[in-house]
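# Structural characterization, general
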Amino acid sequence: MTSPVPLMDARLVADLRQSIQDCTERGLSVASKWSSELHYAIPPNKRDTLSSEAFATFSTSTPARSRSPRPSLSFVDPSPAPSAALCIPVTPGNPTHLLSHSPDICAQETELETQDEAALFAARAFMAAKEFTRVEFTVKNCKSAKAQFVYVYSCFLAAERKAQRDWYRQTNTRGQPPVPINRLLTTLLDMVKDATDPWLLFLIIWSISGYHWNWSVWTLLCSCVGDGDELSALLPLLPLPATHPLVLMFQIRTMNELHSPSENELAMCDRLLGDDCFRDSAWVMSLRACALYHLHGRSFAYEPVFYVIMMKKDFGQAEKQFEKILAIAPHRIDDIDVYSNILYVTDNRLKLSRLAHEFLELDKDRPEVCCLVGNHHSLRAEHEKAVKYFRRATELDRTYLSAWTLMGHEYVEMKNSHAAIEAYRRAVDVNRKDYRAWYGLGQAYELLSMHRYALYYYQHATALRPYDVRLWQAQGACYEEIGRLKEAVECLKRALLGADPRETTIHLKLAKLHEELEDQAEAAAYHRRVVEICRIEERPVQDYAKSSIFVARHHMVIAGGDLLLAKDYLERVANSNAEEVAQASDWLKKLKSVLITRPAVPTAEGASDC
């Protein structure tokens, strides 16, 4: 058996290290932080060895040239076929900040950067101070591709800040749009439409082809994916092999954003955390913890108790992963809100309280910390304080989806359905792919007894998360309330596909609906399934006494019914301490008279049960 190909090689380490400098010089602080974390997480002995190999391999006086000509990426050229456009190779020996492999162009760009050096130094300092208009003015007349990117990016950030300010100024007014409107975007797009520098390309996969290690572009691509099918169609178009660490991280991140990771994504995380890769990466560990969290869902205010019990058990692995993260990075704030959600669901008041106080001291102006503190107050039933902190989180970051959703939950607890609906709508405006906000809207309208509205939102939620049992149950309950029992039955049958095999609540509900539809045979079949599950699980007779009597009665009144099965079911109830003892005894007396007139002939099913 051949050993798996290692994910890490000398070229990858060199490119990752170079991306730290490249992103920093362009003011991409998040991407630079991401690259730095990953580079630091490589085991030191492996990092040093591979860095030495990279230096020995690539420190040549003349860059290696491609044997085949590179196609132009200019937007003036005719658009190539999709596969050709999206999979343009990058020559390993060339400087990765330029798309062209021509040494003359490389030399020209280096000379331009030297001329712009003083302006770029000043711009970097202004960017760090968030003085975006000063950055714009400083590099306005510079000629290098790097300076042009800094200019366009600073223009965008300045315009985005103004759009945010104008949007907040219209808060609580009828004229406030759903999202801030940056009116400079079309102008900026015209400025970069003919660019060939990968940092300026507005076609995402072309940008990735030109420069692999800009995580900001991968994050943007992630936000463009609508569901798992779109992701599957996109992966073959990426300019990197499916086993490349960047592709693995992109796939995990995207599935987490869609709230639908699988065991496959967990296996990818484990491979990325192997000894030959990013073994000590808190960022990859956080990906894994979030995958475990989303794999089992998030508890809402009105879920049945048995779901909460299941989640407490399932969230154990995610909780352990977050504890490991905090052990190696005790001051890491990223995704601390997800950890607080887990502690909330598992009702771990002590740990959540300690965490809230520690991180509040660390940085009270991070939205994740505000969300953490809000969960702390919510668990203590201090709903007004919780709303205060969730609202503070949205003021710090209006796109912070979790805060809007959790604020909606708090308003539901406070019986303020209208405020809850407003919060959930804001969450939907931020991200229409998050099923939790749609589900919250359904819950809020259900509390207002507006079941047709609730049904509309539940249908959106189930479309986004088709295997979530809770969503199908909620949809079925709405259909039942408006008298559409057949649709309610179909929803509950769909819920059974993703339910625990030992689950009985949905079976009992289906039996009840079939009784109301006067389909006694189907009702008896679901009641019998309840009896079988309870007996296999060795549950007390009280849990299935009513179902036993219903099945026995059904077999007594239909032609060709299994009377021996009915006798067995009734005797179990009659010999127990269930409330239905008298009822079972009465039916046993009737069964004896039936047996006299109609001898019992056991069916194949009945014989197997006895």
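Residues numbered from 1 in each chain as written. Predicted model: local features only at pLDDT ≥ 70, side-chain atom pairs only at ≥ 80, totals over all residues. Heavy atoms only, no water.

## Topic: the packing of helix H24 (residues 435-447) against helix H26 (residues 469-481)
Definition in use: With axes taken as lines fitted to C-alpha atoms, and helix axes fitted only over the stretch in contact, angles between N-to-C directions fall between 0 and 180 degrees. Strands here mean DSSP runs of E at least two residues long; helices mean DSSP runs of H or I at least four residues long; both are numbered from the N terminus. Under this scheme an angle from 65 to 115 degrees is roughly perpendicular, one under 35 degrees roughly parallel, and one over 145 degrees roughly antiparallel; angles in between are oblique. What makes a crossing left-handed is the near helix being turned counterclockwise from the far one by less than a right angle; a clockwise turn instead makes it right-handed. It only takes one pair of heavy atoms within 4.5 Å for two residues to be counted as in contact. Residues were grouped as follows: Ala, Val, Leu, Ile, Met, Phe, Trp, Tyr, Cys and Pro as nonpolar; Asp, Glu, Lys and Arg as charged; and all remaining residues, including Gly, as polar.
Two elements in contact, H24 and H26, have axes whose closest approach is 12 Å; the angle formed by their N-to-C orientations is 30 degrees. It follows that H24 is roughly parallel to H26 by the angle criterion. Crossing of H24 against H26: the hand is left-handed. Residues Tyr-435, Tyr-439 and Glu-446 of H24 lie in contact with H26, whose contacting residues are Arg-470, Leu-471, Ala-474, Ala-477 and Cys-478. Classifying every residue of the contact of H24 with H26 by side-chain character gives six nonpolar, no polar and two charged.

## Re the packing of aromatic side chains
To keep things clear, this is the line we draw: When two rings of Phe, Tyr or Trp (its six-membered ring) have centres within 6.5 Å they constitute a pair, described as stacked for plane angles under 30 degrees, edge-to-face for angles over 60, and tilted for the intermediate range. Residue burial is assigned from relative accessible area. The probe radius is 1.4 Å, only protein chains are included, and a residue is buried under 20% of its type maximum, exposed over 50%, and partly exposed in between. In this scheme, the term charge over a ring applies when either NZ of a lysine or CZ of an arginine sits within 6 Å of the ring centre and within 35 degrees of the ring normal.
The full count for this structure, using the stated rule, is 15 aromatic pairs. Between Tyr-445 and Tyr-453, the aromatic rings sit 5.3 Å apart at their centres with planes inclined by 25 degrees, giving stacked as the arrangement. Tyr-453 gets classed as partly exposed once you look at its relative accessible area, which sits at 47%. Centre to centre, the rings of Tyr-456 and Tyr-457 are 5.0 Å apart; their planes meet at 80 degrees, and the pair counts as edge-to-face. Here a set of aromatic residues connected by ring pairs shows up, and it is made of Trp-438, Tyr-445, Tyr-453, Tyr-456 and Tyr-457. Its end group placed over the ring of Phe-126, Arg-134 keeps NZ or CZ at 4.0 Å from the ring centre. When the ring centre of Trp-587 is taken as origin, the NZ or CZ atom of Lys-590, which lies over that ring, is 4.4 Å away.

## Notes on the environment of Arg-253
In this structure, Arg-253 sits in helix H13 (residues 245-257). Each C-alpha atom, one on Arg-253 and one on Thr-219, is 8.3 Å from the other, the two residues being 34 residues apart in sequence. Leaving out residues up to four positions away in the same chain, Arg-253 has contacts with Trp-215, Thr-219, Cys-222 and Leu-287.

## Here's the deal with unusual backbone geometry
For Lys-415, which is not glycine, the phi torsion reads 65 degrees and is therefore positive. With respect to the element layout, Lys-415 can be found in the loop between helix H22 (401-413) and helix H23 (417-430). One non-glycine residue, Glu-518, adopts positive backbone phi at about 60 degrees. Within the secondary structure, Glu-518 sits in the loop between helix H28 (505-516) and helix H29 (520-536).

## As for the pattern of salt bridges
Defined as follows: Whenever Lys or Arg places a side-chain nitrogen within 4 Å of a carboxyl oxygen from Asp or Glu, that contact is recorded as a salt bridge.
Scanning all chains against the criterion turns up 34 salt bridges. Residue Glu-25 is joined to Lys-146 by a salt bridge in which the shortest nitrogen-to-oxygen separation is 2.4 Å. In this pair, Glu-25 is assigned in helix H1 (residues 10-25) and Lys-146 in helix H8 (residues 145-169), connecting sequence segments 121 residues apart. Lys-146 matches Glu-25 in its accessibility class, with the two residues each being buried. Two residues, Glu-480 and Lys-512, come together in a salt bridge whose shortest N-O distance is 3.2 Å. Taken together, the positions of Glu-480 in helix H26 and Lys-512 in helix H28 put the pair 32 residues apart, joining distant regions of the chain. Salt bridges sharing common partners tie together Lys-33, Asp-334, Arg-366 and Glu-368.

## Some words on helix H27 (residues 485-498)
Spelled out, the test is: Here the expected span of a helix is defined as 1.5 Å times the quantity of residues minus one. The directions from the helix axis to the C-beta atoms are what the arc is built from.
A rise of 1.5 Å per residue sets the reference length of H27, with its 14 residues, at 20 Å; its end C-alpha atoms lie 21 Å apart and thus fit the reference within 8%. Listed as buried for H27 are Leu-485, Ala-488, Val-489, Cys-491, Leu-492 and Ala-495. Projected down its long axis, H27 shows its buried positions confined to an angular sector of 165 degrees, all on one face. Across H27 from its buried face, at more than 90 degrees, point the exposed residues Lys-486 and Leu-497.

## Overview of the nonpolar core
Stated formally: Residues belong to one nonpolar core when they are buried, are Ala, Val, Leu, Ile, Met, Phe, Trp, Tyr or Cys, and are joined through side-chain atoms within 4.5 Å.
Core analysis: the biggest nonpolar cluster contains 95 residues, and Trp-218, Met-249, Phe-250, Leu-272 and Phe-278 have the highest contact counts within it. Among the elements that take part in this core, helix H15 (residues 282-296) stands out by supplying ten residues, more than any other. Each residue touching Phe-250, except ones within four places of it in the same chain, is listed here: Trp-215, Trp-218, Leu-221, Cys-222, Val-225, Leu-231, Leu-234, Leu-235 and Leu-238.

## What to know about the side chain of Asp-434
This is how the line gets drawn: Two N or O atoms count as a polar contact when they lie within 3.5 Å, although within protein this holds only if one can serve as hydrogen donor and the other as acceptor, and sequence-adjacent residues are included solely when both atoms are side-chain atoms.
Looking at the element boundaries, Asp-434 is found in the loop between H23 and H24. Its relative accessible area of 0% is what places Asp-434 among the buried residues. At 2.8 Å, the side chain of Asp-434 and the side chain of Arg-436 are in polar contact. Those residues in contact with Asp-434 that lie beyond four places of it in its chain are His-259, Leu-401 and Leu-464.

## Some points on the packing of helix H30 (residues 545-557) against helix H32 (residues 581-597)
For the pair H30 and H32, interaxial distance at closest approach is 11 Å and the crossing angle is 20 degrees. Our classification of the angle between H30 and H32 gives roughly parallel. Between H30 and H32 lies a crossing whose hand is left-handed. Across the interface between the two elements, Ile-549, Arg-553 and Met-556 of H30 pack against Gln-583, Ala-584, Trp-587, Lys-590 and Leu-591 of H32. When grouped by side-chain class, the residues that make up the contact of H30 with H32 number five nonpolar, one polar and two charged.

## Notes on the confidence of the model for the chain
We count it as follows: Each residue carries a pLDDT value, the predictor's own confidence for that position, ranging from 0 to 100.
Summary statistics for the chain give a mean pLDDT of 84 and a share of 85% for residues scoring 70 or more. The least confident element of the chain, judged by mean pLDDT, is helix H4 (residues 82-86) at 32; the most confident is helix H20 (residues 367-379) at 96. This stretch, residues 58-101, has a pLDDT under 50; its non-local contacts, to residues over four places away or in other chains, come to 77 contacts. Considering only residues more than four positions removed or in separate chains, one finds that residues 604-610, a stretch of pLDDT under 50, has eight contacts.

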